[in-house]
Amino acid sequence: MIVQIYSLETAEEAAACAEAGADQIGVLVSRKLDGRYPCEVLPEQALEIFDTLRGKVRRSVLISTDSDPDQILQMMNYLHADVLQLCADYHGSWTSAGA
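Bear in mind the structure is a predicted one, so any value in this text is a computation, not a measurement.

Enquirer: Report on the overall build of the protein chain, specifying residues and quantitative values.
Expert: Looking only at helices and strands, the protein chain has three helices and four strands in total. Ordered by position from the N terminus, the helices and strands of the protein chain form the series β-α-β-α-β-α-β. Partitioning the intrachain contacts of the protein chain with sequence separation of at least 6 by distance along the chain shows that 50% fall at a separation of at least 24. Counting every atom, the protein chain has about 5,800 Å² of accessible surface; 50% of that belongs to carbon and sulfur.

Enquirer: Account for the nonpolar core, with residues named and values stated.
Expert: Ranked by internal contacts, the top residues of the largest apolar core, which has 20 residues, are I25, V27, V29, F50, L53, L62 and L79. Elements represented by at least two residues in this core include exactly α1 (11-19), β2 (24-29), α2 (43-53) and α3 (69-79). With five residues, the top contributor of residues to this core is α2. Aside from chain neighbours lying at most four places away, what touches L79 is V29, P43, A46, L47, F50, R54 and L62. Formed by five residues, the second largest nonpolar core is a distinct cluster that contains L28, C39, I63 and C87.

Enquirer: I'd love a proper account of the side chain of D23, names of residues and values included.
Expert: Here D23 is to be found in the loop between α1 and β2. Judged by relative accessible area, D23 falls into the buried class, the value being 16%.

Enquirer: Tell me about the packing of α1 against α2, residues and numbers included.
Expert: To describe two helices that pack against each other, one gives the angle between their axes and the distance between the axes. With their axes 8 Å apart at the nearest point, α1 and α2 run at an angle of 25° to one another. When the axis of α1 is compared with that of α2, the two are roughly parallel. Taken as a pair, α1 and α2 cross one another with a handedness that is right-handed. Of the residues in α2, those in contact with A11, A14, A15 and A18 of α1 are E48, I49, T52 and L53. Grouping the amino acids of the contact of α1 with α2 by side-chain chemistry returns six nonpolar, one polar and one charged.

Enquirer: Got a sec to walk through the sheet that holds strand β3 (residues 59-64)? Specific residues and values, please.
Expert: Sheet architecture is open: four strands sit in the order β1-β2-β3-β4, paired in parallel fashion. Edge positions in the sheet fall to β1 (4-5) and β4 (83-86), since each of these pairs with one other strand and no more. Strand contacts of α2: β2 and β3, with the helix running at about 170° to β2, the strand carrying the most contacts.

Enquirer: Before we move on, could you go through the environment of S7 and cite the residues and values that matter?
Expert: With respect to the helices and strands, the residue S7 is situated in the loop between β1 and α1. Residue S7 is classed as partly exposed on the basis of its relative accessible area of 30%. Along the chain, S7 and L28 lie 21 residues apart, while their C-alpha atoms are 5.7 Å from each other.

Definitions and limits used
Residues numbered from 1 in each chain as written. Predicted model: local features only at pLDDT ≥ 70, side-chain atom pairs only at ≥ 80, totals over all residues. Heavy atoms only, no water. Helix = DSSP H or I, 4+ residues; strand = E, 2+ residues; numbered from the N terminus. Contact = heavy atoms within 4.5 Å. Areas by Shrake-Rupley, 256 points an atom, 1.4 Å probe, with all protein chains shown as cover. Core = buried A, V, L, I, M, F, W, Y, C linked by side-chain atoms within 4.5 Å. Buried < 20%, exposed > 50% of the residue type's maximum accessible area, 1.4 Å probe, protein only. Axes fitted to C-alpha atoms, helices over the stretch in contact; angles between N-to-C directions. Parallel < 35°, antiparallel > 145°, perpendicular 65-115°, else oblique. Left-handed = near helix turned anticlockwise from the far one by under 90°. Nonpolar A, V, L, I, M, F, W, Y, C, P; charged D, E, K, R; others polar. Pairing = 2+ DSSP bridges.

Laid out in structure tokens, this is it:
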């Protein structure tokens, strides 16, 4: 069984979930907090959370609110997330961004 916890907002929450046995932890990341999602965090907050999780959980998950493929890839590279979950108004395909 894989335990996934999503929508964490602080490194302390993430550490507690990892300590409790979570395998995967997801963070909803927005470039600006616009109130569309109550649990969104800025990239700097997400980086702190993911840095706290390294070596403690199997996967860190970027839940992206971006719709631009290049911005999504930039955020993946910035955070070094293991998994990408597309959210919001993404209408591209997996071939949209140059990889």
